[in-house]
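Working through the structure, step by step
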Amino acid sequence: MLVFGSKPETLPVAIKRDATTGLPLLSEQDAVVQSILAYLALPYSVTEYGCGKKASLIIDQLLALEIPPYAIARVLVLERNMSPAALAQGDAERREHALVADNLLWNLADTSDPHLREMLATLLPEIELADDGGIHAGPYVLRSIPRVQFESTRSHLSTQLTFWDERNARPVQRLIDPSLAREQTFTLPDLRKLLRAPEALVFRAPLLGHFRLAIEALTDRQRAELGGEVPGKERGEELSEELSEELAEAEGLATISVAEEAAVVRRLTGAEPGSIGDPQTWTYANTLRPADDAAATDLDHYRQQQLLTGSGDAYAAARDRLFRARQRRGDDISAILAELRQVDQDCDVFRRCGTDARWSVERLQPLADAATVFVYFDALQALAGRLRGGQEIHTFLENHGVLQELRGLGVRLRRRLDWLAEASLSEDGRIDGRALGPGFVAATIETIRQMNRAGLTVFMDKVGNVHGLLVNRQTAADLDAGKRSPAELCRRSIWHGSHIDTVNDAGKFDGRLGVLGGIETLNILSDLARHCELPVAGGDNGCVTHVSAFIGEEMTFTGAGVSMPGSAAVCSRAEVSAIQEMVNGAGERFGDLLEDMVEAVGDEQRRGGIDLVNDLAGAPAGQRTQNCSEPAAFYSPHSFERHIEQGPVLDRAGVPIAMVGTIMGIHQEDFFCDGEQAEAAALEMNRRLRELTLEPAFIEVRITVGMLEGLGEPAVHESVSPAWRWTLTGELNHAGATPTADRRDPGVAAGRLAREFRNWVGQHLPADLRDDMKPLVGNVNMLPGSNRNVIPESISLTIALASRTGAARAAVDALLTEDLGKTLESFAVGTLSRQIAGGGEGIRLSRIEPIGFINLFPRARLTIDLRADQQETMDSFRQRIDDVIADTEKEYGVRIAAEIQQQVAPSDLRRSGQSLLMERSYGGSHNPRETELLSDIVRGTLLQLAVTRAALTREASVDFNLFEFVESHLPQAWRQKIPVFTSGALHDTCNIASRAQQLRGYTAT
């Protein structure tokens, strides 16, 4: 298992690799394993099930770490005896060569414990509780026994990764399998020891390839049986006459066909053709075929794996040649790498492995859910014991031993994040929870379901927010009957929450950590009362606690001067009617899509899948929103929001959690450039805006162009030469959460590249050509390009020289064209690829393609997201933007108009009393790679629980300052390193703080 504190609490920015082969360095073993554990919330506490699917998930993560496919393989361990008699024997004690491993669930919980079984039945109604104490989770059965066998498959799959040993200059293979060894890699001999099977057969398969016997892993006994069929070995005396005849025509295992090797394996193991011991029944990913009555999707996936098996066999030979060439420092390495890249393309390996991973996640869900409850239940019992002993929860935050003991609290919260992410997945595997879209509707229903299972009384309000209250049974009944109003309970409540809407292609944590952390905290309080006889303190004096899931924080919908419509409605900063008139980028009206969502929620309520106080199922179609609650009823100034932005800053300081003292103000504005050079002008504005942030007065300002798009019907210019299509790649990240120094913004880089192009034309184009030739930049495509508050991941643009008359085109000779191309490429590779501190933008040049035309849009929209911690700084910066506009209009001959989209003043949380916490994270924000260490998830949960329990016992007072209360619970060592933090991100807490300031009679400065 993962032992907190045994490894440095950090994740690498990138895995260091051998420059020649691309193999990860052997010194990076721990970094690879820690990255996998941070990104994958797998059911590793269950050893004997789903090993092939777990391997698919690990492989997908290794590829995401940019480890080359040829460095990755699957390793299969097979029981030595696969005869019909052995397969019929279900008792591992009676099988000489049985695979047996430690059961990681042993001692965590007794499957017959009535509290555990009640929790399983409540949280996972699809679980079957057998009379013999077993727990059936889909096709899997969990039992409280010290060791487990692999009865269904008689085999086990692990992932193998080839590292480059820089000290000894050689490749080495290591296995990654947290089900057997939680936090370290291990070798093939270790694998046999962990499975207690010294004579098990070992096979290896390259990605999408056949499993073949691993010759180097053969034991002496196996070599003796095979004799001459092992290269370099004499035929042994133990080789049977029958087996000798089978192998007579083969020159050795390294040269015989797949079918011939399968026959050898069957003779070695006694397996019958067509049985699970027959390699010819295996796919590249597993040994077990689905049953004939399995789901159609499972059968289809298996057939696809069958069809693809063998397509990756070419990896094996080319990989071995690469390793030999690297060791002898051969000059054919480049050719071999090109051959391997061609195999990548021919196999479509990245897409195929991604498909396997998504399918595996779905199939492992019952196992993951059941294992999560086991680990959580164990942690709950440990927590209850410490509370009964009078221990204070916040004192555990720096105690690695206690954090380890209570890790189940973090495991279940991470599983909640998985549930919500799965609800919002698009068909191609992206998380897309944009407000009121299909992924958001599904996430809303899943959030209600999680609140129900946490024992909360749940409401939906008239703008689509969801609220869950933790109250006693009588109060819940009164709320349900309309005898009490949520407003009288919530105004003094400890209020947890954040947003569940996301940007397109988002990560799991942003926003949703705050909502699900609140649900988890309230669920723990409920469980302590229900299963451990530790009632929720303070409930009788009217101090309750509740959680809200807000809509629209990412501002997919704009208009009417509303900022973050969900929290704005609850905080009485926007009318419901105004919010319903907001529109998204497609022109769709908020109110129309809200009614559709409420109808979908009502349908799920009618089916009994969720429970709400609001009767949405019984209301007439088109009028269900009227049955929702008033948003303002759920307001409280005592808000607690967990977030993950600013990860690099916290990581460098070694601080897991920091309190936000100030939230930067935000100014979002759209600019429309009209004219032939509209797109070039927009790129120039992006470049100039970045330049402003380098001035001392604006060094802390964050300015982002999140969208840059051409509008109207483009004009096509054919008379161009040269013309190239450039693609620059950076890092998708959060506009407010990422300081300028940490950015890798391809949009700014594109503006600088276009500027370099124009400078070259002015300096190097012969004077007699300048009147006829003109530099053009157009057809700009920024990705994702759908949110103002996202630093884009990549940008493509076309750069061309055009002739007004066509006469001068031939005069731009090859030498001049080459000079221009090399100048720009050198600028991109040599300058723009550097980090910002070195004068670059931290991007990479992904592609340059020659092209015979250029499209120029007559209009371009440029969106900005401007943030600063002082209103006067923002105002001053905006005034300087007017100077940039004037200069750009003059140089490019365009007209630029502006439309303000959103303005939010800075917030002083220490004064207004809200608690906003930043937790150490990795992989950026607004990014599929965002993640958090399990140890930090546990810390955040414990802090939230400690604060909530303590606050519920306070005297009910509106003047209570939650900021100061939470601050007093943070370890002094953390506060010394980062006393308070300035957040550049937009948060629902902004609206809550503004309302609190208004109620207390002062305004932000």
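Being a predicted model, the structure only gives us computed values, none of them experimental. (Residues numbered from 1 in each chain as written. Predicted model: local features only at pLDDT ≥ 70, side-chain atom pairs only at ≥ 80, totals over all residues. Heavy atoms only, no water.)

Helix and strand counts for the protein chain come out as 32 helices and 33 strands. In terms of overall size, the protein chain behaves like a compact globule, its C-alpha atoms giving a radius of gyration of 31 Å where 1005 residues would be expected to give roughly 30 Å. Projected onto its principal axes, the C-alpha positions of the protein chain cover 90 × 90 × 55 Å. Residues counted as buried form 61% of the 1005 residues belonging to the protein chain. Put simply, of all contacts in the protein chain between residues at least 6 apart along the chain, 77% involve residues at least 24 apart. Split by element, the accessible area of the protein chain, about 38,000 Å² in all, is 46% carbon and sulfur. (Helix = DSSP H or I, 4+ residues; strand = E, 2+ residues; numbered from the N terminus. Rg over C-alpha atoms; globule rule 2.2 N^0.38 Å. Buried < 20%, exposed > 50% of the residue type's maximum accessible area, 1.4 Å probe, protein only. Contact = heavy atoms within 4.5 Å. Areas by Shrake-Rupley, 256 points an atom, 1.4 Å probe, with all protein chains shown as cover.)

Summed over all chains, the structure comprises 63 salt bridges. In this structure, Glu-9 and Arg-939 form a salt bridge, with 3.1 Å as the shortest nitrogen-oxygen distance. Residue Glu-9 is located in the segment before helix 1 (29-39), and its partner Arg-939 is located in helix 29 (residues 934-952); the two are separated by 930 residues in the primary sequence. A residue is classified by how much of its surface remains accessible, and Glu-9, at 21% relative accessible area, is partly exposed. A salt bridge links Arg-449 to Glu-446, with the nearest nitrogen and oxygen atoms 3.1 Å apart. With Arg-449 and Glu-446 both in helix 15 (residues 438-453) and three residues apart, the pair spans about one turn of that helix. With respect to class, Arg-449 is no different from Glu-446; both count as buried. Here the salt bridges do not stand alone but share partners, grouping Glu-684, Arg-687, Glu-691, Arg-755, Arg-758 and Glu-891 into one network. (Salt bridge = Lys/Arg side-chain N within 4 Å of Asp/Glu carboxyl O.)

With that settled, consider the packing of aromatic side chains. Per the stated rule, a full pass over the model turns up nine aromatic pairs. Between Phe-459 and Phe-634, the aromatic rings sit 5.4 Å apart at their centres with planes inclined by 55°, giving tilted as the arrangement. Of this pair, Phe-459 sits in strand 12 (residues 457-460) while Phe-634 sits in the loop between helix 21 (590-606) and strand 17 (639-643), and the two are 175 residues apart along the sequence. For the pair formed by Phe-459 and Phe-634, the shared burial category is buried. Over the ring of Tyr-39 we find Arg-929, and its NZ or CZ is 3.9 Å from the ring centre. (Phe/Tyr/Trp six-rings, centres within 6.5 Å; stacked < 30°, edge-to-face > 60°. Lys NZ or Arg CZ within 6 Å of the ring centre and 35° of its normal.)

Attention now goes to the environment of Gly-778. Its location among the elements puts Gly-778 in strand 24 (residues 773-783). Overall, Gly-778 belongs to the buried group, its relative accessible area being 0%. The spacing of Gly-778 and Cys-347 is 431 residues in sequence and 35 Å in space, taken between C-alpha atoms. Not counting residues within four places of it along the chain, the set of residues in contact with Gly-778 comprises Glu-679, Arg-725, Leu-797, Thr-798, Ile-854, Asn-855 and Leu-856.

As a further point, take helix 18 (residues 512-532). One turn of an α-helix holds 3.6 residues; hence residues three or four places apart share an orientation. A rise of 1.5 Å per residue sets the reference length of helix 18, with its 21 residues, at 30 Å; its end C-alpha atoms lie 28 Å apart and thus fit the reference within 8%. Burial analysis of helix 18 places 19 of its 21 residues in the buried class, which makes it a mostly covered element. Taken from the residues just after helix 18, Glu-533 is the one with a positive phi, measuring 60°. (Expected span 1.5 Å × (residues − 1).)

Within the open sheet, the four strands sit side by side as 24-26-22-27. Their pairing is antiparallel. Two strands close off the open sheet at either side, each with one partner strand: strand 24 and strand 27 (844-850). If you compare each strand with its neighbour and ignore which way they point, the axes differ by 20° on average. Bridge count for strand 22 (residues 720-729) against strand 26 (residues 794-803) is eight bridges, and the pairing is antiparallel. (Pairing = 2+ DSSP bridges. Axes fitted to C-alpha atoms, helices over the stretch in contact; angles between N-to-C directions.)

What follows deals with the packing of helix 9 (residues 296-308) against helix 12 (residues 349-388). Where helix 9 meets helix 12, the closest approach of the two axes is 12 Å, and the angle between their N-to-C directions is 150°. When the interaxial angle is binned, helix 9 and helix 12 end up roughly antiparallel. Handedness of the crossing formed by helix 9 with helix 12: left-handed. Taken together, the residues of helix 12 that come into contact with helix 9 (itself represented by Thr-297, Asp-298, His-301, Gln-304, Gln-305 and Leu-308) are Arg-352, Thr-355, Asp-356, Trp-359 and Arg-363. (Parallel < 35°, antiparallel > 145°, perpendicular 65-115°, else oblique. Left-handed = near helix turned anticlockwise from the far one by under 90°.)

A few words now on the packing of helix 15 against helix 21. Two elements in contact, helix 15 and helix 21, have axes separated by 10 Å at closest approach and are oriented at 40°. One way to sum up the angle between helix 15 and helix 21 is to call them oblique. Every pair of crossing elements has a handedness; the one defined by helix 15 and helix 21 is right-handed. For the pair helix 15 and helix 21, contact is made by Phe-440, Val-441, Thr-444, Ile-445, Ile-448 and Arg-449 and by Met-597, Ala-600, Val-601 and Glu-604, respectively. Across the contact of helix 15 with helix 21, the residue classes tally to seven nonpolar, one polar and two charged. (Nonpolar A, V, L, I, M, F, W, Y, C, P; charged D, E, K, R; others polar.)

Another point: unusual backbone geometry. Across the chain, the bulk of peptide bonds are trans and the bulk of non-glycine residues have phi less than zero. In this structure, Pro-722 follows Ser-721 across a cis peptide bond, with omega equal to 0°. Positionally, Pro-722 belongs in strand 22. Cis geometry marks the peptide bond from Leu-783 to Pro-784, where omega comes out at 0°. With phi around 50°, Ala-169 is a residue other than glycine that occupies positive phi space. One can find Ala-169 in the loop between strand 7 (155-165) and strand 8 (170-176). We classify Ala-169 as partly exposed; its relative accessible area is 29%. With phi around 65°, Leu-208 is a residue other than glycine that occupies positive phi space.

Here we come to the sheet that holds strand 10 (residues 212-213). Note on sheets: strands pair through backbone hydrogen bonds, and any given pair is parallel or antiparallel. Spatially, the five strands line up as an open sheet ordered 8-7-1-9-10, and their pairing is antiparallel. Strands at the two margins of the open sheet, each flanked by one partner only, are strand 8 and strand 10.

So, about the confidence of the model for the protein chain. On average, residues of the protein chain score 89 in pLDDT, and 94% of them reach the 70 mark or higher. Of all the helices and strands in the protein chain, helix 7 (residues 241-247) carries the lowest mean pLDDT, 41, while strand 12 carries the highest, 98. Every residue in residues 231-251 scores below 50 in pLDDT, and together they form 36 contacts with partners more than four places removed in sequence or on other chains. (pLDDT = per-residue confidence, 0-100.)

A few words on the layout of surface pockets. Empty space among the atoms becomes apparent when a probe as large as a water molecule is rolled across them. Considering only enclosed or pocket space, the second largest pocket measures out at about 1,300 Å³ in volume. Around the second largest pocket sit 49 residues that line it, and Tyr-49, Tyr-140, Ser-152, Thr-153 and Leu-288 are the ones nearest its centre. If you list the elements that add at least two residues to the lining of the second largest pocket, you get helix 2 (51-64), strand 5 (140-142), strand 6 (147-149), helix 9 and helix 12. In terms of residue class, the lining of the second largest pocket is built from 20 nonpolar, 13 polar and 16 charged. (1 Å grid on protein atoms, 1.4 Å probe; cavity = no way out; pocket = protein on both sides within 12 Å on 5 of 7 lines; lining within 4 Å. Points joined across faces, edges and corners; volume = space filled by probe spheres on them.)

So, on to the nonpolar core. Judged by nonpolar contacts, the single largest core of 174 residues is most densely connected at Leu-62 and Leu-383. Examining the composition of this core, we find that 18 residues originate from one element, helix 12, more than from any other. The residues contacting Leu-62, other than those within four sequence positions of it, are Val-32, Ile-36, Ile-67, Ile-72, Thr-159, Leu-161 and Ile-176. Leu-797, Leu-820, Phe-827 and Ile-843 belong to the second largest nonpolar core, which has 55 residues in total. (Core = buried A, V, L, I, M, F, W, Y, C linked by side-chain atoms within 4.5 Å.)

Moving on to helix 29. The end-to-end C-alpha distance of helix 29, which contains 19 residues, comes to 27 Å, matching closely the 27 Å that a straight helix rising 1.5 Å per residue would cover. Burial analysis of helix 29 places 17 of its 19 residues in the buried class, the great majority of the element.

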